[in-house]
Amino acid sequence: MAGTAGRAAKAMRAGHQASAGELLELVRSGRATTRGALQQATGLSRATVGQRLDRLFRAGWLREGAGGPVDSPQGGRPSITLEFDDEHAVVLAADLDTRHGRAAVVSLSGEIQAEHHGSLRIEDGPDAVLGELGRWFAELLEKAGQRADAVCGIGIAVPGPVDTDTGKVVQPPIMPGWDGYDIRGRLGRAFAEHAGIESAGGAGSATGAGVTRSGARIPVLVDNDANLMAYGEQRTGYADCSAFALVKVSTGIGAGMVVGGSIYRGVDGGAGDIGHIRVGADALCRCGSYGCLAAVASGGAVARRLAESGVPATSGSDVRDLLTAGHPEAMALAREAGRQVGDVLATVVTLLNPGVLMIAGDLAGTPFLTGVRELLYQRALPRSTAHLDVVTSRLGERAGLVGAGALVVEYLYAPERVEERLAALGV
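Just so you know, these numbers come straight off a predicted model, no measurement behind them.

Trainee: Explain the overall build of the protein chain to me, please; I cannot follow it from the model alone.
Mentor: Helix and strand counts for the protein chain stand at 15 helices and 17 strands. Looking at the protein chain residue by residue over its 427 residues, the buried ones come to 51%. Taking all contacts inside the protein chain whose residues are at least 6 apart in sequence as the whole, residues at least 24 apart take part in 59%. Surface accessibility of the protein chain: about 18600 Å² in total, with carbon and sulfur atoms responsible for 48%.

This is the structure in structure tokens:
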């Protein structure tokens, strides 16, 4: 949330008085963590700051921390610091792949409190998959020792392009039966059913159907898996990187980009779909076209080539297991796939000029990474790679969960939404 104090100051110069939501953002970002610092950052009077903070305290979103340093050379009582209370609610997060899923209860600070992963096949369709996910959520809350009314939002990562305004996937190549499906509504109802609470039903607001308890709506946010992996990795390990790119190579290939601290999605959620860039091969892709990068260099493509040579493999996860075991043919094919992806990434790097390029997913090991680097540095201009770090995932299989949790928190505690929620709470 860099630049918050500058935005607040600009708003004050324009005659705008900082809201309670803007004060909360200043505290959460660490830009202003005492009453005095908030007065200085916003230009508000002591009494007005106190009134705004009182609303946040009554909502349970702020707490007082330890005393800070004494600013005056004459000494005196230390200032009481203000902290965002990250224990007042939790987020439910899920990350779906083609053959398995992962779900968790996540704290508002990003800590995973309870987690489950298991078989969950995208091809079984959204009704069955989301119904099972609702059951997982209810069981995880019990495991974490949390009540259903502690849930403030749900975030879900899916392996396809998403229209974030509607929360629906749009023509997903590897998600048969999901195109245009009401993910928000179905997941909200499934969680309500298994958690034993009232369902809001219907399409609901901009964030779709949620559930209610004591009159509170729980939003459900949906985004592409590579986007949320990139968001989780950038926020936790590369917060100072203003242009961050992550490429997930599993059954398919997709990229997520975080630019200026925000996910870059393009005009309708289609940004980063590099798996369907044509590379001149004649292989048939699952999207119906020939010559897509995913058709020749994804985990699924490598698995098919292994199977053709008599090695049992049907998916990217099978290839990952073979790579872990040091299977020589799998390692050779993974390196070759890395070279093909690296050739495409040379263009991506030249266009985006990222500071970090992260390789994640089933194939994200040494052979694949070596292949990427060979072609990337050969084909991209030195100017584009002079300040580029090519790395592998830090969060591993949890990246999508962390990103989904962070997406919900940033949505719910954005200044304008804070004002709406405080009004709904009557404080």
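Trainee: It is not clear to me how unusual backbone geometry should be interpreted in this structure. Could you clarify?
Mentor: Note: most residues except glycine have negative phi, and most peptide bonds are trans. You will see that Q171, though not glycine, has its phi angle at about 45°, which is positive. Here Q171 is to be found in the loop between β8 (168–169) and α6 (183–195). Judged by its relative accessible area of 62%, Q171 is exposed.

Trainee: Whenever I open this one, the sheet that holds strand β15 (residues 262–264) confuses me. Can you help?
Mentor: For sheets, the rule is that strands pair by backbone hydrogen bonds, running either parallel or antiparallel. Pairing is mixed across the open sheet formed by five strands, whose spatial order is β15-β14-β13-β16-β17. Bordering the open sheet on either side are β15 and β17 (389–392), each of which pairs with just one other strand. Neighbour-to-neighbour, the strand axes of the sheet open up by a mean angle of 25°, direction not taken into account. Direction of pairing for strand β14 (residues 253–259) relative to β15: antiparallel, over a ladder of three bridges. If you follow M257 over to β15, its bridge partner there is Y264.

Trainee: Sorry if this is basic, but what is going on with the nonpolar core here?
Mentor: A general feature of soluble globular proteins is that nonpolar side chains tend to end up buried together. Of all hydrophobic cores here, the largest spans 53 residues; its most connected members are L38, L56, F244 and Y413. The element contributing the most residues to this core is helix α14 (residues 399–412), with eight residues. V302, A313, A330 and V349 belong to the second-largest nonpolar core, a separate cluster that totals 39 residues.

Trainee: How do you make sense of the sheet that holds strand β5 (residues 112–119) when you look at a structure like this?
Mentor: One open sheet holds the five strands; their spatial order is β5-β4-β3-β6-β12, and the pairing between them is mixed. Strands with a single pairing partner mark the edges of an open sheet, and in this sheet they are β5 and β12 (220–224). Sheet twist, expressed as the mean angle between neighbouring strand axes with direction ignored, is 15°. The sheet contact formed by strand β4 (residues 100–107) and β5 spans seven bridges and is antiparallel. The partner of V106 across the bridge, within β5, is I112. Sitting on the sheet, helix α7 (residues 225–237) is in contact with β3 (90–96), β6 (151–158) and β12, with an inclination near 100° to β12. In this fold α14 packs onto β3, β4, β5, β6 and β12, with an angle of close to 135° to the strand it touches most, β3.

Trainee: How do you make sense of the confidence of the model for the protein chain when you look at a structure like this?
Mentor: Segments scoring low in pLDDT should not have their predicted coordinates read at a detailed level. When the pLDDT values of the protein chain are averaged, the result is 90; 89% of them are 70 or greater. For residues 1–9, every residue scores under 50 in pLDDT, and the model assigns this stretch 17 contacts once sequence neighbours within four places are set aside. Note on residues 208–214: pLDDT under 50 across the span, and 37 contacts to partners over four residues away in sequence or across chains.

Trainee: So what exactly am I meant to see when it comes to the packing of aromatic side chains here?
Mentor: Think of a pair of aromatic rings as described by two things: how far the centres are apart, and how the planes are tilted against each other in angle. Taken as a whole, this structure holds four aromatic pairs when the rule is applied. Seen from their ring centres, F84 and Y413 are 5.1 Å apart, and the 75° between their planes marks the pair as edge-to-face. With F84 in strand β2 (residues 80–84) and Y413 in the loop between α14 and α15 (415–425), this residue pair connects regions lying 329 residues apart in the sequence. Judged by its relative accessible area of 14%, F84 falls in the buried class. Given a relative accessible area of 1%, Y413 falls into the buried group.

Trainee: I would appreciate a short explanation of the pattern of salt bridges in the present structure.
Mentor: Tallied over the entire structure, the rule returns 27 salt bridges. A salt bridge links E83 to R63; the nearest nitrogen and oxygen atoms lie 3.1 Å apart. Here the residue E83 occupies a position in strand β2, and R63 occupies one in strand β1 (residues 62–67), the gap between them amounting to 20 residues. Under the relative-accessibility criterion, R63 is labelled partly exposed at 26%. For R121, the salt bridge goes to E123, with nearest N and O atoms at 2.3 Å. On the basis of relative accessible area, R121 is assigned to the partly exposed category, the value being 31%. By relative accessible area, E123 is classed as partly exposed at 48%. Three or more residues are tied together by salt bridges with common partners; here these are R102, E115, R320, D321, D362, E397 and R398.

Trainee: In this structure, what is going on with the environment of L401? I would like to understand it.
Mentor: Topologically, L401 is positioned in helix α14. With relative accessibility at 0%, the residue L401 sits in the buried group. Residues L401 and L228, 173 residues apart in the sequence, show an inter-C-alpha distance of 7.8 Å. The residues touching L401, leaving out its near neighbours within four places in the chain, are A93, A94, D95, R102, A103, A104, I112 and E115.

Trainee: Whenever I open this one, the pairing of β12 confuses me. Can you help?
Mentor: A regular strand carries its side chains on alternate faces of the sheet. With five of its five residues buried, β12 lies for the most part within the structure. By the bridge criterion, five bridges tie β6 to β12 in an arrangement that is parallel. Counterpart to G155 in the pairing with β12 is L221.

Trainee: Can you help me understand the packing of helix α3 (residues 35–42) against helix α4 (residues 46–59) in this one?
Mentor: When two helices pack together, their arrangement is given by the angle between the helix axes and the distance between those axes. It is at 10 Å that the axes of α3 and α4 come closest, and there the two elements cross at 115°. The crossing of α3 and α4 is right-handed. Where α3 abuts α4, its residues R35, L38 and Q39 lie against R46, V49, L53 and F57. Its residues placed into classes, the contact of α3 with α4 shows four nonpolar, one polar and two charged.

Conventions we followed
Residues numbered from 1 in each chain as written. Predicted model: local features only at pLDDT ≥ 70, side-chain atom pairs only at ≥ 80, totals over all residues. Heavy atoms only, no water. Helix = DSSP H or I, 4+ residues; strand = E, 2+ residues; numbered from the N terminus. Buried < 20%, exposed > 50% of the residue type's maximum accessible area, 1.4 Å probe, protein only. Contact = heavy atoms within 4.5 Å. Areas by Shrake-Rupley, 256 points an atom, 1.4 Å probe, with all protein chains shown as cover. Pairing = 2+ DSSP bridges. Axes fitted to C-alpha atoms, helices over the stretch in contact; angles between N-to-C directions. Core = buried A, V, L, I, M, F, W, Y, C linked by side-chain atoms within 4.5 Å. pLDDT = per-residue confidence, 0-100. Phe/Tyr/Trp six-rings, centres within 6.5 Å; stacked < 30°, edge-to-face > 60°. Salt bridge = Lys/Arg side-chain N within 4 Å of Asp/Glu carboxyl O. Left-handed = near helix turned anticlockwise from the far one by under 90°. Nonpolar A, V, L, I, M, F, W, Y, C, P; charged D, E, K, R; others polar.

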